[in-house]
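Letter by letter, the chains look like this.
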Amino acid sequence: MVIKMSRPLHRGVPAIRVTSSSNGLLDSQVKEQTEKEELDRNQSSHRFPFWSLFSDNSPLTKYDATDNGFASDPFIVGTPRSRHRLTILLLKSSLVVIVILALTGSFWWTLSISTSSRGHIFHSSRRLQEQLVSDLWDIGELSFGTSRMKEIEFCPGELENYIPCFNVSENLDSGFSDGNEYDRVCRQRSRQNCLVLPPMNYKIPLRWPTGRDIIWVANVKITGQEVFTSGSLTKRMMMLEEEQISFRSASLMFDGVEDYSHQIAEMIGLRNESNFIQAGIRTILDIGCGYGSFGAHLFSEQILTICIANYESSGSQVQLTLERGLPAMIGSFSSKQLPHPSLSFDLLHCARCGIDWDKNDGSFLIEVDRVLRPGGYFVWTSPLINVQSSLRNKEKQKRWNFVRDFAENLCWELMSQQDETVVWKKTSKKTCYNSRISGSGPSICSKVQDVEFPYYRPLQNCIGGMHSRRWVPIEERATWPSRSNLNPSELALYGLHLDELNEDTANYRIIVRNYWSLLSPLIFSDHPKRPGDEDPSPPYNMLRNVLDMNARYGGLNAALLEARKSVWVMNVVPTTGPKYLPLILDRGYFGVLHDWCEAFPTYPRTYDMVHAEGLLSLESSQHWRCTMLDIFTEIDRMLRPEGWIIIRDAALLIDSARVLTRRLKWEARVIEIESNNDERLLICQKPFFKRQPS
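About the thresholds
Residue positions are given per chain, counted from 1 along the sequence in the order it is written. This being a predicted model, a pLDDT of at least 70 is required before a residue's local features are given, and a value of 80 or more before pairs of side-chain atoms are given or counted; all residues contribute to the totals for chains, interfaces and linings. Excluding hydrogens and water, the side-chain figures rest on all heavy atoms present in the structure. UniProt positions are given in the numbering used here, feature names are shortened, and annotations may be inferred rather than shown by experiment. Just to be clear on terms, a salt bridge is a Lys or Arg side-chain nitrogen sitting within 4 Å of an Asp or Glu carboxyl oxygen. Elements are defined by DSSP. Helices are runs of H or I of four residues or more, strands are runs of E of two residues or more, and each kind is numbered from the N terminus. Accessibility here uses a 1.4 Å probe with only protein chains present; expressed as a share of the type maximum, an area under 20% marks a residue as buried, one over 50% as exposed, and anything in between as partly exposed. By this definition, two strands are paired if DSSP reports at least two bridges between them. By disulfide we mean two sulfur atoms from cysteines, separated by a distance within 2.5 Å.

Per an unreviewed UniProt entry, the chain carries the name Methyltransferase and comes from Gossypium barbadense. Quoted verbatim from the Sequence similarities (unreviewed entry) field of UniProt, the annotation for the chain is "Belongs to the methyltransferase superfamily."

Draft legend 1. View of the pattern of salt bridges. The final tally for this structure, using the stated rule, is 27 salt bridges. Between Glu151 and Lys665 there is a salt bridge, with the nearest N and O atoms lying 3.7 Å from each other. Placement of the pair is Glu151 in the loop between α4 (115–144) and α5 (168–173) and Lys665 in the loop between α21 (651–663) and β20 (667–673), with a sequence separation of 514 residues. The class for Glu151 is partly exposed, based on a relative accessible area of 43%. The exposure class assigned to Lys665 is buried, which follows from its relative accessible area of 15%.

Draft legend 2. Region of interest: the pairing of strand β13 (residues 412–418). When β13 meets strand β14 (residues 421–426), the two strands line up antiparallel, connected through six bridges. Residue pairing in the sheet places Ser416 in a bridge with Val423 of β14. Here β13 folds back onto β14, and the loop between the two strands holds two residues, one of which, Asp419, carries a positive phi near 55 degrees.

Draft legend 3. Geometry of the state of the cysteines. For the structure on display, the rule yields seven disulfides. Note on cysteine connectivity: Cys289 is disulfide-linked to Cys307, with sulfurs 1.9 Å apart. Taking the sign of the S-S torsion, about -65 degrees here, the bridge from Cys289 to Cys307 comes out left-handed. With Cys289 in the loop between β8 (283–287) and α9 (293–299) and Cys307 in strand β9 (residues 304–309), this pair connects stretches of sequence that are 18 residues apart. Each of the two residues, Cys289 as well as Cys307, counts as buried. Residue pairing for Cys445: its cysteine sulfur links by disulfide to Cys462, the two sulfurs lying 2.0 Å apart. Measuring handedness by torsion sign, the sulfur bridge of Cys445 and Cys462 sits at about 90 degrees and is right-handed. Of this pair, Cys445 sits in the loop between α14 (431–434) and α15 (488–492) while Cys462 is found in the loop between α14 and α15, placing the two residues 17 residues apart along the sequence. Overall, Cys445 belongs to the buried group, its relative accessible area being 2%.

Pasting the structure below:
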């Protein structure tokens, strides 16, 4: 098998300085940096990581981690004589002493300087320290010869759709069955530190909104037979052509999505789906979404619909939905709670989603109740609901009666039932639970059981969310888009002041403007227009799926929407960081809790841009439970070819990260931030490596 790059990548300026108020890159700045770029590239290609000087000469395992958590590969050194080995050891020891003395002396010397001049001298001292690190890299090369950090290898072809933590065969061997073999199980060695190549005939997706309606067949794992035999209503609303799957059709089945949405609105008591916002409905969790057609239709009404579906080895709903530029992630109601806080969504939707809600003693319905906001809606479409069919089939009638009675014991109000669709409304009053007949329905969770931030905990048989201070009916919340600006009383629930949120919003306005200014010339100089693309119009829809790995308050999401960028953001709150995920959800955005030492529940090549601010600092404060290489290979797996990575963090961490980018074959450039000399930007692009026939 031969691997080649599809085209030479456009290289940006490796050391650009941007101010906090800059609006773009000037051509003159780029020209001034050209010589510096070439010098930096030549120097960096002949350097060793600083920490390799202090490792012993014993062979390392494939992905051993150093003291500060960075992964390093073994260096091929040979077998020196005892005298030579002693000389190298003395050289290393001398270097350690020199470094300690130099840094200690620099520290005490800085303290002795008057306060008025200390700032200027500190920066000069820091430059000297950085030069010292550079010199040590060069000395390391002299000590160890010409060995370099080995590039990460490409994964075998059978892993082109590989998702760690979803290994059906291992789950079966471990005794999982009855659908639980498709559950997420993250074992210690479930990760593959290799680079996942795209399928043979992979093509860059079309820009939004064209890409919403037309995707390339080769980009997804589905066959024509699977297209035509799909049972879901929304799955059938697609046409298979020679190289494309089209979701644009004048057929009655396509028009059925609009009619179906209109029917749901009427059953809720609204005129049509355009009134969802006025009724307090902004975020929808679509369970077993088909290929996202329901959410695609509601997008024009400013409704944010996120698709969750089980892991599928082929014909994946999640993969196709993301390929269309629509929100989706792998999730299930099989045995564990979803990684979302209680009271997160305004409406949950299930149209022939394949879940037997009457199974498992009703625990699946209890999980729906947990993530549903007070006053929220549960919409279920199933042949089981059809009255005439149920009367003829006693088993169906029994199952339907169980779901209907269980929903009543959850304090859900049956609003309407038409044909195969039923709509329930969750109660807005806690007193309803006390008025139930004793012993009927599930009990209320205790404070110990009622965990606000469950992370794949086992399903519970008690009603959760009752102890949350966020128990606010959707009718009493501000409607979108006012909802994104929480009032002081709402912010007080998270220990925040209005000034803090306003400052975060203002900072991200500037950050997004700078990101767009940096990326625009790079993207459009590479390919201003691809074959089949429509002419891009403002605001230039060059990105669609965005992943924010450390979202904090959702500031990046807010700034992108305010700037009218046609993107959606997967806001991720790390399990090791501050728990602001409920705040993000209450603002009308989508978010999920995740541990970045585990694989994210998505298919490869599903995001156009990955953003991480402060994530490396956060993980280093946790003593690097996993390596930086582990995190970066996971980013590479999720990122589409020609996708972008933007990392903002402490300068020393960025310098270390840039070294790893060479192993991952990313095109990297470091940007200095004039307003904050302690931080830097690392902007990388993932190359498009095409798989060639063997």
